[in-house]
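Summary of structural features
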Amino acid sequence: MRLLILGGDGYLGWPTALRFSARGHEVSVVDNFVRRRWVESVGSNSLTPIRTLEERIAAWREATGREIQSFVGSVEEGGFLDRVVAESRPEVVIHYGQQASAPYSMASREQAVETQYGNVIGNLNLLFAIRDHVPECHLVKLGTMGEYGQPDIDIEEGYIRIEHKGRSDTLPFPKLPASLYHCSKVHDSTNIHFACRTWGLRATDLNQGVVYGIETDETATDERLITRFDYDEVFGTVLNRFCLQAVIGHPLTVYGSGGQTRGFLNIRDTLNCVELAATNPAGAGEFRVFNQFTEQFSVIDLAHLVKFSAEHLGYSVEIQHCENPRVEKEEHYYNAVHTKLLDLGLEPTLLGEELVESIVHAIERFKGNAIESAIDPQTRWNPTGTAKTPAGRA
């Protein structure tokens, strides 16, 4: 297949490019390296020393003899994206090319506007480029489970059957986004659904849970191929942050009670899910939604798992509850359906002590790169402090 990966320099985009290239597919990537600049702007870095995209591609060529084509530019620039799609003629577009941090989107008006503009406009540009140049192409879009929020009912996979006043219909599952970043993803889903219904495009929306992990089969073969690893309060996901904190002796920062429950998956499973979606495409005019996670955990459960695992390796670990900077339910019902990828053959990588220990060992090599001042929560959803955190239900 010919694949175009937007955000191909990122935490998930780069390993995805290697995975498909290793399988013999023709891979092109797009990036403007803004994620690197965003992380630097909040006083942080990638714990892992990542090479430039040009150096990474050269290292992959040297290691495997396979080529990856790169295009440098922004998806918000419609003319640029049109040219890339027209030249690469992808059969599958995998869209990671967005600002993906909830805290970043909530830090200021400017960052909220930047997030929504870049995400929504970039996605719209892509839909038009696909319509005009490769209408048979399959769009695989990285969404988020955060679109749903935490409703007091089971979360279905994209759609729900509703009976109302004697009539019934199958409609998109209601959305309760938890940040302005998550709002942008809801807008994306609506626009993609419209494009499928109206223009006959085909798309799979992967509503992904929280990703953890540091290595994939391909990145582990050569240190020059390693992907980025974020651990700070803006861009680091919770389990990755906890593992780094355990290694450097920083207390595990649990926001509020830690009762927040979410879906999680290993980075290797992200690649497996994307591959399953790409090799089993949606039909013309079809907008599929897959809930992409493998297990559900509360934040405090993860903290205890990391503490237990790291102490088994000889570390002394403290769990510290912080005032929750987010406006969210801290105790709530959460049960999300996630069967469609399992039906396609996903074999989950389940989280346990051994897997946490492997992440800790991978981090140990790079612990000296950590900027500890970037870890503790500073970005607040309600900077005035007048709103109350919504009450939850255990």
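Given the structure is predicted, the values throughout are model-derived calculations rather than measurements. (Residues numbered from 1 in each chain as written. Predicted model: local features only at pLDDT ≥ 70, side-chain atom pairs only at ≥ 80, totals over all residues. Heavy atoms only, no water.)

Some points on the overall build of the protein chain
When helices and strands are tallied, the protein chain shows twelve helices and 14 strands. Seen through its C-alpha atoms, the protein chain measures out along the principal axes to roughly 65 × 55 × 40 Å. Out of the 394 residues in the protein chain, the part that is buried amounts to 56%. Counting contacts in the protein chain only where the partners sit at least 6 residues apart, residues at least 24 apart contribute 82% of the total. When the accessible surface of the protein chain is summed, it comes to about 16,200 Å², and 50% of that surface belongs to carbon and sulfur atoms. Considering the protein chain, the positive charge centre built from 37 side chains and the negative charge centre built from 53 side chains are found 5 Å apart. (Helix = DSSP H or I, 4+ residues; strand = E, 2+ residues; numbered from the N terminus. Buried < 20%, exposed > 50% of the residue type's maximum accessible area, 1.4 Å probe, protein only. Contact = heavy atoms within 4.5 Å. Areas by Shrake-Rupley, 256 points an atom, 1.4 Å probe, with all protein chains shown as cover. Lys, Arg positive; Asp, Glu negative; His and termini not counted. Charge placed at Lys NZ, Arg CZ, Asp CG, Glu CD.)

What to know about the sheet that holds strand 2 (residues 26-31)
Strand pairing within a sheet occurs via backbone hydrogen bonds; the two strands may be parallel or antiparallel. Taken together, the seven strands give an open sheet; going across it, the order is 3-2-1-4-5-8-12, and neighbouring strands pair in parallel fashion. In the strand order of this sheet, the two ends are held by strand 3 (68-72) and strand 12 (287-292), each with one partner. Taking each pair of neighbouring strands and ignoring which way they run, the sheet shows an average axis angle of 20°. The sheet contact formed by strand 8 (residues 202-208) and strand 12 spans six bridges and is parallel. (Pairing = 2+ DSSP bridges. Axes fitted to C-alpha atoms, helices over the stretch in contact; angles between N-to-C directions.)

A short note on the confidence of the model for the protein chain
Across the protein chain, the average pLDDT comes to 96, with 97% of residues at 70 or higher. Confidence drops under pLDDT 50 across residues 387-394; counting only partners more than four residues distant or on other chains, this segment forms 16 contacts. (pLDDT = per-residue confidence, 0-100.)

Here's the deal with helix 8 (residues 238-248)
Counting buried positions along helix 8 gives ten out of eleven residues, so the element sits mostly inside the fold. Of all the residues in helix 8, the buried ones are Val238, Leu239, Asn240, Arg241, Phe242, Cys243, Leu244, Gln245, Ala246 and Val247. Where the residues of helix 8 are buried, they touch strand 9 (210-212), strand 10 (252-255), strand 11 (261-266), helix 10 (299-312) and helix 12 (353-364). Once helix 8 ends, the next one or two residues include Gly249, with phi positive near 80°.

Some details on the environment of Leu265
For Leu265, the position within the fold is in strand 11. Sequence separation between Leu265 and Ala278 is 13 residues, and the spatial gap between their C-alpha atoms is 18 Å. What Leu265 contacts, discounting residues up to four positions off in sequence, is Gln208, Gly209, Val210, Val211, Tyr212, Thr270, Cys273, Gln292, Phe293 and Thr294.

Quick notes on the environment of Leu4
Looking at the secondary structure, you find Leu4 in strand 1 (residues 2-6). Using a relative accessible area of 0% as the deciding quantity, one classes Leu4 as buried. The spacing of Leu4 and Ser316 is 312 residues in sequence and 45 Å in space, taken between C-alpha atoms. Leaving out residues up to four positions away in the same chain, Leu4 has contacts with Ser28, Val30, Val84, Val85, Ser88, Pro90, Val92, Val93 and Ile94.

Some points on the packing of aromatic side chains
Tallied over the full model, the rule gives six aromatic pairs. Ring centres 6.1 Å apart and planes at 65° place the aromatic pair Phe264 and Phe297 in the edge-to-face group. A residue pair is termed long-range when its members are at least 10 positions apart, and Phe264 in strand 11 and Phe297 in strand 13 (residues 295-298) qualify at 33 residues. Side by side, Phe264 and Phe297 carry an identical accessibility label, which is buried. Here the aromatic cluster, defined as three or more aromatic residues joined through ring pairs, consists of Trp38, Tyr104 and Phe235. When the ring centre of Trp199 is taken as origin, the NZ or CZ atom of Arg131, which lies over that ring, is 4.6 Å away. (Phe/Tyr/Trp six-rings, centres within 6.5 Å; stacked < 30°, edge-to-face > 60°. Lys NZ or Arg CZ within 6 Å of the ring centre and 35° of its normal.)

What to know about the pairing of strand 2
Regular strands place side chains that alternate from one sheet face to the opposite one. The element strand 2 is largely enclosed, with a buried count of five among its six residues. Pairing geometry for strand 1 and strand 2, over five bridges, is parallel. Within the sheet, the bridge partner assigned to Leu3 lies in strand 2 and is Val27. Tracing the backbone out of strand 1, into helix 1 (residues 13-22) and back to the parallel element strand 2 gives a crossover that is right-handed. Where strand 2 and strand 3 come together, five bridges link them in parallel fashion. (Right-handed = clockwise from strand over helix to strand, strands pointing away.)

Thoughts on helix 2 (residues 34-41)
Listed as buried for helix 2 are Val34, Trp38 and Val39. Taken end-on, helix 2 shows its buried residues confined to a sector of 140°, consistent with a single buried face. Within two residues after helix 2, Gly43 carries a phi angle of roughly 80°, on the positive side. (Arc of directions from axis to C-beta.)

A look at the pattern of salt bridges
Between side chains of opposite charge, a pair can form as their charged atoms come close. Counted according to the given criterion, the structure contains 21 salt bridges. Between Arg23 and Glu275 there is a salt bridge, and its shortest N-O distance comes to 3.1 Å. Remark: Glu275 occurs in helix 9 (residues 267-279) and Arg23 occurs in the loop between helix 1 and strand 2; sequence separation between them is 252 residues. Among the residues examined, Arg23 registers a relative accessible area of 44% and is labelled partly exposed. Look at Glu275 and you get buried, because its relative accessible area is 16%. For Arg61, the salt bridge is made with Glu67, and the minimal N-O distance between the two is 2.9 Å. (Salt bridge = Lys/Arg side-chain N within 4 Å of Asp/Glu carboxyl O.)

A short note on the sheet that holds strand 13
Overall, mixed pairing links the three strands, which are arranged 9-11-13 in an open sheet. Strands with a single pairing partner mark the edges of an open sheet, and in this sheet they are strand 9 and strand 13. Strand-to-strand, the axes of this sheet are offset by a mean angle of 45°, without reference to chain direction. When strand 9 meets strand 11, the two strands line up parallel, connected through three bridges. Directly across from Tyr212, in strand 11, lies its bridge partner Asn266. Packed on one face of the sheet, helix 10 meets strand 11 and strand 13 and runs near 90° to strand 13.

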